[in-house]
Amino acid sequence: MVKHSQSVSRSAIEATDETFFNGRLQLERTAKGQLLDRLFRGLTRFFAVFVLLILVAMIAALLAGSMPSIRRFGFHFFVDASWNPVTNQFGALVPIVGTVVTSLIALLIAVPVSFGIAIFLTELSPRSLRGPLGTAIELLAAIPSIIYGMWGLFVFAPFFAAHIQPWVIEHLGSWPLVGFLFQGAPMGIGVFTAAFILAIMVIPFVTAVMRDVFEIVPPLLKESAYGLGSTTWEVASSIVLPYTRVGVMGGVILGLGRALGETMAVTFVIGNAHELSSSLFMPGNTISSSLANEFTEAVGELYTSSLVELGLVLFVITFVVLALAKVLILRMRRRAGVQA
Amino acid sequence: MKLKSMYHFISIITAAFFVPASVFAADPGGTSKQVTGAGSTFVYPVLSKWADSYKKETGTSINYQSIGSGGGIKQIQSKTVDFGATDMPLKSEDLAKDGLVQFPIINGADVAVINVAGVKPGELKLSGDLLAQIFLGKIKKWNDPALVAVNKGLTLPDQAITVVHRSDGSGTSFIFTNYLSKVSADWKTAVGEGSAVNWPVGVGGKGNEGVASYVKQINGSIGYIEYAYALQNKMTYTQLQNQAGQFVTPEEKSFRAAAVGADWAHAKDYYLILTNAPGKTSWPLAGSTFVLMQKTQSDSAQGRAALQFFRWAFKNGEAAAAELHYVPLPKAVAALVEKTWKEQIKAADGKALAIGL
């Protein structure tokens, strides 16, 4: 009896002991966990805020650096085509126009080509080719930009000047309305060459995004269309493209962002002249190539400050483009939602 | 002002990155010294060759960063280096403002190079005025009567001239535009001189190699590059008419003639540009690289080490310089420069630094 009660009480004690112990462990664990969790949350928040801080600091530094130029030239800076370090007269019109024009022409070439590649890879290519072709295109994106520049300068430009440009100047140069775009001496380098090199650099980015979004189109939709007798082109243009336009838009913007900021490849082939010229075969300049060319040797406050302001302008252009793209994508999504 | 403080901030950060490196670079014994410099890319090949031999002989290493003349000026102004090097001399008032002293260390030359079918190196003759007219875009074709008149016996094609200039700011451009400003009133008023100018026509190549490759690729082009690049790339250089009216070929003899003819003794703060130099055999497109140092050296050991290096270079560096197609300073000019050190460079306590180097 006694033995029994003893054993009962012992097991009871043990039991309470165990629960007590477990409870303490849990309590300790939660306390420790909470602390760690809080630390982790704080750390991630710090990282997120840190990026924002860097962004703000960059804008502030650019603004501070460009103050002398802003004060001196004001709004005139954006519409002035002169760039004269001797007389300290600076205007950003030529580089701004050059940046926008080269990027737009690059997209004009790159987007249709990328679309074609992506459709081929997802719809038409034999399975065995998809992997190697896709990888090859992704590898193109990994080539450093200076290699593109050197290829453009040493291989493409001489070929272009010797075999294509003379023909184009002779035949298209006299056309009404667009003829002025193709005049001048065949030098091989210039705005068009820069845009062409940019297009090649942008193609892998746009293609990769397009292929990825094309792959998520439900086979059911495509097969239904094929079943109704659609051609591949009809499936691509009326099923795949409408279904993926948000993603496609995103890819195009990614390409544009890359083209706007590209420096070395453009510097090699654009001809680096601060001149506004109507012909695409004449030399021009972009914001980033001006910076790359002139920053090291810029002497004097106004000169450096004007270059910093150019940097600020590029920052703003890129920012506006990305913001516009975001708005566009949101709108498309909303409209797609309403339609559904 | 804000801009200046920003650069100050940046240079402090940069210094923070570089200081540990130089600390570790010093050997544990602490016997080896390190002199830092920054600036002109033009002088870099010869300076690094000198530095290599100097390190072997004395153990002192010269750490020179060829970031461009403009960068070199900024660095010496903010005292982050022991010396700066520039291809474009500073005016006396700018030197005084930052308490700097300036002296030449080496001379070099630019040449005009062309790519015209059938014309061999040294065949085409150009006067300074013709060169200016071409770079102003007023002479547009190779068979322009003005060009033909000077080059009787050469068949020049009916081909458009494409002007090639530097796209980056450069001492080479400074020498070239300074020369054109001296010989052409049109150029002086329309463009002027500087390491970067507003070029009226043409395409811009980055660096000497950029200009060289553009000239090689574009038929009918004309550009200007350093002599060494023209030799290395086997380019078609031209003759130029000098101040005495003679047409001269770019070669060591004519470069030396330009350097010897210059009147350094009467140039205040050595503000003298060798372009359009007097003398019958002088090459008109010559220039110099100048070193900038603080007049008052806060660390006198560093200042002395830098001066010792330049003294060594004046004495022993001639062979290396000639090998790389530079033109060494004439002995008399080197002596003049050493005198300037004694007179102008002081330690923090005001004592002359360059006594008994």
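Residues numbered from 1 in each chain as written. Chains lettered and ligands numbered in written order. Predicted model: local features only at pLDDT ≥ 70, side-chain atom pairs only at ≥ 80, totals over all residues. Heavy atoms only, no water.

Description of the overall build of chain B
Logical step 1: Check the secondary structure of chain B and you find 14 helices and 15 strands.
Logical step 2: For chain B, whose C-alpha radius of gyration is 21 Å, the value lies close to the compact-globule estimate of 21 Å for 357 residues.
Logical step 3: Summarising its shape, the C-alpha atoms of chain B cover approximately 70 × 40 × 35 Å along the three principal directions.
Logical step 4: At a minimum sequence separation of 6, the contacts of chain B that also span at least 24 residues come to 75%.
Logical step 5: Side-chain charges of chain B comprise 35 positive and 28 negative groups, with the mean position of each set lying 1 Å from the other. (Helix = DSSP H or I, 4+ residues; strand = E, 2+ residues; numbered from the N terminus. Rg over C-alpha atoms; globule rule 2.2 N^0.38 Å. Contact = heavy atoms within 4.5 Å. Lys, Arg positive; Asp, Glu negative; His and termini not counted. Charge placed at Lys NZ, Arg CZ, Asp CG, Glu CD.)

Notes on the packing of aromatic side chains
Logical step 1: Scanning all chains against the criterion turns up 39 aromatic pairs over all chains.
Logical step 2: Aromatic side chains Phe73 of chain A and Phe90 of chain A sit 6.3 Å apart centroid to centroid with 80° between the ring planes, which places their arrangement in the edge-to-face category. Placement of the pair is Phe73 of chain A in helix 1 (residues 2–73) and Phe90 of chain A in strand 2 (residues 89–90), with a sequence separation of 17 residues.
Logical step 3: Phe73 of chain A gets classed as buried once you look at its relative accessible area, which sits at 9%.
Logical step 4: On the basis of an interplanar angle of 25° and a centroid distance of 6.4 Å, the ring pair of Phe192 of chain A and Phe196 of chain A is categorised as stacked. Of this pair, Phe192 of chain A and Phe196 of chain A both sit in helix 5 (residues 191–215), 4 residues apart, which is roughly one turn of the helix.
Logical step 5: We classify Phe196 of chain A as partly exposed; its relative accessible area is 24%.
Logical step 6: In textbook terms, an aromatic cluster arises when at least three aromatic residues are bridged by ring pairs, as seen for Tyr44, Tyr54, Tyr64, Phe83, Phe103, Phe309, Phe310, Trp312, Phe314 and Trp341 of chain B. (Phe/Tyr/Trp six-rings, centres within 6.5 Å; stacked < 30°, edge-to-face > 60°. Buried < 20%, exposed > 50% of the residue type's maximum accessible area, 1.4 Å probe, protein only.)

Here we look at the sheet that holds strand 11 (residues 247–248) of chain B
Residues and elements named next belong to chain B.
Logical step 1: Sheet architecture is open: 3 strands sit in the order 5-10-11, paired in mixed fashion. Looking along the sheet, the strands with just one partner apiece sit at the ends: strand 5 (125–126) and strand 11.
Logical step 2: Two strands pair when backbone bridges link them, and strand 5 and strand 10 (residues 239–241) are joined in this way by 2 bridges, in the parallel orientation. Residue pairing across strands places Leu126 opposite Leu240, the latter belonging to strand 10. (Pairing = 2+ DSSP bridges.)

A closer look at the domain arrangement of chain A
Interfaces are often sized by the accessible area lost when the parts come together.
Residue and element names in this part refer to chain A.
Logical step 1: Domain assignment breaks chain A into domain 1 (1–75) and domain 2 (79–339).
Logical step 2: Taking the mean C-alpha position of each, domain 1 and domain 2 sit 45 Å from one another.
Logical step 3: With 14 residues of domain 1 in contact, the opposing surface of domain 2 contributes 13 residues.
Logical step 4: Overall, the association of domain 1 and domain 2 removes approximately 1100 Å² of surface from exposure, summing both partners, and the carbon and sulfur fraction of that is 71%.
Logical step 5: Between domain 1 and domain 2 we count 0 salt bridges in total.
Logical step 6: The tally of links between domain 1 and domain 2 comes to 3 residue pairs in polar contact (both at pLDDT 80 or more).
Logical step 7: Per-class residue counts for the side of domain 1 that touches domain 2 are 10 nonpolar, 3 polar and 1 charged. (Domains from an automatic or database assignment. Buried area = accessible area lost by both parts, 1.4 Å probe. Salt bridge = Lys/Arg side-chain N within 4 Å of Asp/Glu carboxyl O. Polar contact = N/O pair within 3.5 Å; in protein donor to acceptor, adjacent residues only side chain to side chain. Nonpolar A, V, L, I, M, F, W, Y, C, P; charged D, E, K, R; others polar.)

Thoughts on the pairing of strand 8 (residues 221–226) of chain B
Residues and elements named next belong to chain B.
Logical step 1: Within strand 8, 6 of the 6 residues are buried, which leaves the element mostly enclosed by the surrounding structure.
Logical step 2: Two elements, strand 4 (residues 100–115) and strand 8, share 6 bridges in a ladder whose sense is antiparallel. Looking at strand 8, one finds that Asp110 is bridged to Glu226.
Logical step 3: As judged from the 2 bridges shared by strand 6 (residues 162–166) and strand 8, these two strands associate in the parallel manner. Considered in strand 8, the bridge of Thr162 is made with Ser221.

Side note on the interface of chain A and chain B
Logical step 1: Listed by partner, the interface residues are 35 residues for chain A and 33 residues for chain B.
Logical step 2: For the pairing of chain A and chain B, the buried interface totals around 2600 Å² over both sides, and the portion due to carbon and sulfur atoms is 55%.
Logical step 3: Per-residue buried area on chain A facing chain B is highest for Val86, Met187 and Glu297 of chain A; these three make up 22% of the total on that side.
Logical step 4: There are 0 salt bridges connecting chain A and chain B.
Logical step 5: Taken together, the connections running from chain A to chain B amount to 5 residue pairs in polar contact (both at pLDDT 80 or more).

Concerning the side chain of Thr275 of chain B
Logical step 1: Here Thr275 of chain B lies in the loop between helix 11 (252–261) and strand 12 (286–294).
Logical step 2: Not counting chain neighbours up to four residues away, the residues in contact with Thr275 of chain B comprise Ile175, Asn178, Tyr179, Lys182, Pro284 and Ala286 of chain B.

Overview of the domain arrangement of chain B
Residues and elements named next belong to chain B.
Logical step 1: Segmentation of chain B into domains returns domain 1 (3–106 + 288–347) and domain 2 (110–270).
Logical step 2: Measuring from the centre of the C-alpha atoms in domain 1 to the corresponding centre in domain 2 gives 30 Å.
Logical step 3: Facing the 23 residues of domain 1 at the interface are 18 residues of domain 2.
Logical step 4: Roughly 1800 Å² is buried in total at the junction of domain 1 and domain 2, and carbon and sulfur atoms are behind 66% of that figure.
Logical step 5: Counting across the interface, domain 1 meets domain 2 through 5 residue pairs in polar contact (both at pLDDT 80 or more).
Logical step 6: Considering every element that reaches the side of domain 1 that touches domain 2, the biggest residue donor is helix 14 (residues 331–344), with 5 residues.
Logical step 7: In terms of residue class, the side of domain 1 that touches domain 2 is made up of 15 nonpolar, 6 polar and 2 charged.

Overview of helix 9 (residues 207–217) of chain B
Logical step 1: Of all 11 residues making up helix 9 of chain B, 8 are buried, and the element is well covered by its neighbours.
Logical step 2: Taken as a whole, helix 9 of chain B has its buried residues at Gly207, Asn208, Gly210, Val211, Ala212, Ser213, Tyr214 and Val215 of chain B.

Side note on the environment of Gly279 of chain B
Logical step 1: Topologically, Gly279 of chain B is positioned in the loop between helix 11 and strand 12.
Logical step 2: Note: C-alpha distance between Gly279 of chain B and Ala257 of chain B (22 residues apart in sequence) is 7.1 Å.

A few points about the confidence of the model for chain B
Detailed reading of predicted coordinates is not advised where the pLDDT is low.
All names here are of chain B.
Logical step 1: On average, residues of chain B score 87 in pLDDT, and 91% of them reach the 70 mark or higher.
Logical step 2: Between residues 13–31, whose pLDDT stays under 50, and residues either more than four places distant or in other chains, the model counts 6 contacts.
Logical step 3: Across the whole predicted complex the pTM is 0.78, and at the interface the ipTM reaches 0.73. (pLDDT = per-residue confidence, 0-100.)

Side note on the pairing of strand 4 of chain B
Residues and elements named next belong to chain B.
Logical step 1: Most of strand 4 is tucked away, with 16 of its 16 residues classed as buried.
Logical step 2: Both strand 4 and strand 12 contribute to a ladder of 9 bridges, which runs antiparallel. Looking at the pairing, Gln102 lines up with Leu292 of strand 12.
Logical step 3: Direction of pairing for strand 4 relative to strand 14 (residues 327–328): antiparallel, over a ladder of 2 bridges. Bridging from a neighbouring strand, Ile106 pairs with Pro328 of strand 14.
Logical step 4: Pairing analysis gives 2 bridges linking strand 4 to strand 9 (residues 236–237), with the strands arranged antiparallel. Along strand 9, the bridge assignment pairs Val113 with Tyr237.

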